[in-house]
Amino acid sequence: MTQTPLQKVCLIGANGTLGSVILRALVDANSFDVSVLQRSNSSSSTTFDPSVTRLVADPDLAVDELTQVLKGQDAVIAAFPLGQGDQHLRLVEASFNAGVKRFIPADFGSCDASDAEPQKYLPLYRKKTAVREKCEALAAQDGTGFSWTTLVCGHFFDHGLRDGLLHFNFDTRTAQILDGGAIRASTSTLRRIAEATVRILERPVETRNRALYVQSFNPTQLEIVAALEKAMGEKWHIQHVDSKPYLEDAQKRLSSDDEKAVLIAIEDIVFVLGALDADWTKRDGFAMELLGLKDESLEDVVNEVVAAYRAETLSA
Ligand SMILES: NC(=O)c1ccc[n+]([C@@H]2O[C@H](COP(=O)([O-])OP(=O)(O)OC[C@H]3O[C@@H](n4cnc5c(N)ncnc54)[C@H](OP(=O)(O)O)[C@@H]3O)[C@@H](O)[C@H]2O)c1
């Protein structure tokens with residue numbers, strides 16, 4: 001099979017945590033014709049690189065309108081939350097109708113959405129799996145040029161280390177450590193995920209219709225604590241947590257009437273799943289070699305995160 005270049009690429013979620021970094025990587029690659037799709041009621045900044053085309057759609061993301069808007073695109077990348085899973089399903093369908101050749105869904109998971117545990121605990125992962133299944137079904141239709149690639153990256157490392165997802169509290173120098181802390185888990189910096197996304201578009205044949213798994217590294221939680229202690233020159237406190245009762249408690253909190261409590265429960269469950277069952281080096285789809293990627297240095301990345309933390313606390 002020949003490599004048909006995926007040149008015209010449309011990104012949705014370009015102002016987001018991950019989307020903004022993917023957009024930078026697409027523009028920096030200097031080989032794509034990049035557009036971003038925003039809802040007409042978007043309140044985000046619309047200042048993009050002058051090379052980027054801005055497309056607009058009605059906020060309900062209806063299939064017919066999206067189909068028109070996406071005509072001529074080779075690839076579509078969804079990098080926005082799954083709050084309304086139906087929108088993602090419509091985006092897949094519209095991409096298919098519009099003749100898009102590659103769809104990259106909003107997976108980018110801390111864990112593999114299709115695994116039994118994530119499916120059991122959270123609607124988020126059931127929605128992600130429904131989108132993957134829709135992609136599979138459309139790609140299986142005879143004569144279609146449509147294909148998909150889903151990227152599973154583990155916890156966002158640099159972002160998650162600071163925003164609380166990884167349960168490292170910089171202000172109190174406290175880390176919550178699960179089940180002894182010696183379990184390896186793949187985790188990726190935002191730039192690694194963006195780099196992997198670009199490589200997928202550059203290697204359309206090898207990456208078609210597959211779930212691919214990447215990482216920056218796969219440290220244990222205790223190795224992350226050690227890297228932080230080295231970078232900061234001080235001891236961190238460790239709170240040991242047994243994952244089983246912790247998950248049971250978080251699962252109960254999912255049915256709370258308090259929306260904020262539910263969000264915290266979801267994040268707690270994601271934290272555990274991405275720490276205990278996310279060593280992608282053991283998966284068939286581990287794609288570091290396929291995508292021409294090498295592990296980053298945990299120590300270097302932790303030093304960067306600590307430097308950013310210090311700069312922020314000094315300027316506060
Ligand atoms: N592995 C991990 O640790 C981890 C952590 C977080 C997220 N994720 C995954 O990464 C992906 C991106 O998440 P993120 O946190 O980076 O997203 P985010 O920062 O919340 O993204 C917000 C962006 O998405 C756009 N957006 C939001 N809802 C939209 C909608 N219904 N239709 C169109 N655009 C919409 C917003 O655009 P406007 O404001 O311009 O409309 C904004 O640009 C998701 O698949 C998420 O599940 C993974």
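Residues numbered from 1 in each chain as written. Predicted model: local features only at pLDDT ≥ 70, side-chain atom pairs only at ≥ 80, totals over all residues. Heavy atoms only, no water.

In the nomenclature of an unreviewed UniProt entry, the protein corresponds to NmrA-like domain-containing protein from the organism Trichoderma harzianum CBS 226.95.

Engineer: Where do I start with the side chain of Gln 73 in this structure?
Structural biologist: One can find Gln 73 in the loop between helix H2 (63–70) and strand S4 (75–78). Residue Gln 73 is classed as buried on the basis of its relative accessible area of 6%. One polar contact links the side chain of Gln 73 to the main-chain amide nitrogen of Val 9, over a distance of 3.5 Å. Polar side-chain contacts of Gln 73 include one of 3.2 Å to the side chain of Ser 35. When sequence neighbours within four positions are dropped, the list of residues in contact with Gln 73 reads Lys 8, Val 9, Cys 10, Ser 35, Leu 55, Gly 99, Val 100 and Lys 101. (Helix = DSSP H or I, 4+ residues; strand = E, 2+ residues; numbered from the N terminus. Buried < 20%, exposed > 50% of the residue type's maximum accessible area, 1.4 Å probe, protein only. Polar contact = N/O pair within 3.5 Å; in protein donor to acceptor, adjacent residues only side chain to side chain. Contact = heavy atoms within 4.5 Å.)

Engineer: Please clarify how the packing of helix H8 (residues 221–232) against helix H11 (residues 298–315) should be interpreted in this entry.
Structural biologist: For any two helices packed against each other, the geometry is given by the interaxial angle and the distance between the axes. In the contact formed by H8 and H11, the axes pass within 9 Å of each other and the chain directions differ by 55°. The pairing of H8 with H11 is recorded here as oblique in orientation. Of the two possible hands of crossing, H8 and H11 adopt the one that is right-handed. Note on element contacts: H11 touches H8 through Leu 298, Glu 299, Val 302, Asn 303, Val 306, Tyr 309 and Arg 310, opposite Glu 223, Ile 224, Ala 227, Leu 228, Lys 230, Ala 231 and Met 232. Taken together, the residues of the contact of H8 with H11 sort by class into 9 nonpolar, 1 polar and 4 charged. (Axes fitted to C-alpha atoms, helices over the stretch in contact; angles between N-to-C directions. Parallel < 35°, antiparallel > 145°, perpendicular 65-115°, else oblique. Left-handed = near helix turned anticlockwise from the far one by under 90°. Nonpolar A, V, L, I, M, F, W, Y, C, P; charged D, E, K, R; others polar.)

Engineer: How do you make sense of the packing of aromatic side chains when you look at a structure like this?
Structural biologist: Ring pairs (aromatic) are described by centroid distance and by the angle formed between their planes. The tally for this structure, following the rule as stated, stands at 7 aromatic pairs. Consider the rings of Phe 170 and Trp 236, whose centres lie 5.4 Å apart with planes at 90°: the pair is edge-to-face. Taken together, the residues Phe 170 in the loop between strand S8 (168–169) and strand S9 (174–178) and Trp 236 in the loop between H8 and strand S12 (237–241) connect sequence positions 66 residues apart. Assessed through its relative accessible area of 4%, Phe 170 is described here as buried. Judged by relative accessible area, which is 5%, Trp 236 ranks as buried. Ring centres of Tyr 213 and Trp 280 lie 5.2 Å apart, and the angle between their planes is 55°; on these two criteria the pair is classed as tilted. Separated by 67 residues along the polypeptide, Tyr 213 in strand S11 (residues 210–213) and Trp 280 in the loop between helix H10 (259–276) and H11 bring together distant segments of the chain. (Phe/Tyr/Trp six-rings, centres within 6.5 Å; stacked < 30°, edge-to-face > 60°.)

Engineer: What should I look at first to understand the site of the ligand in this one?
Structural biologist: Taken together, 26 residues surround the ligand, and among them Arg 39, Ser 42, Ser 44, Gln 87 and Phe 156 come closest. Note that an oxygen atom of the ligand is positioned 2.8 Å from one of the side-chain N or O atoms of Arg 39. Within the side chain of Gln 87, one N or O atom sits 2.4 Å away from a nitrogen atom of the ligand. Most atoms of the ligand, that is more than half of them, are within 2 Å of grid points of the largest pocket. Elements with a contribution of two residues or more to the shell around the ligand: helix H1 (17–29), strand S2 (33–39) and strand S7 (155–156). Its residues assigned to classes, the shell around the ligand comprises 11 nonpolar, 12 polar and 3 charged. (Near = heavy atom within 4 Å. 1 Å grid on protein atoms, 1.4 Å probe; cavity = no way out; pocket = protein on both sides within 12 Å on 5 of 7 lines; lining within 4 Å. Sits in = over half its atoms within 2 Å of the grid points.)

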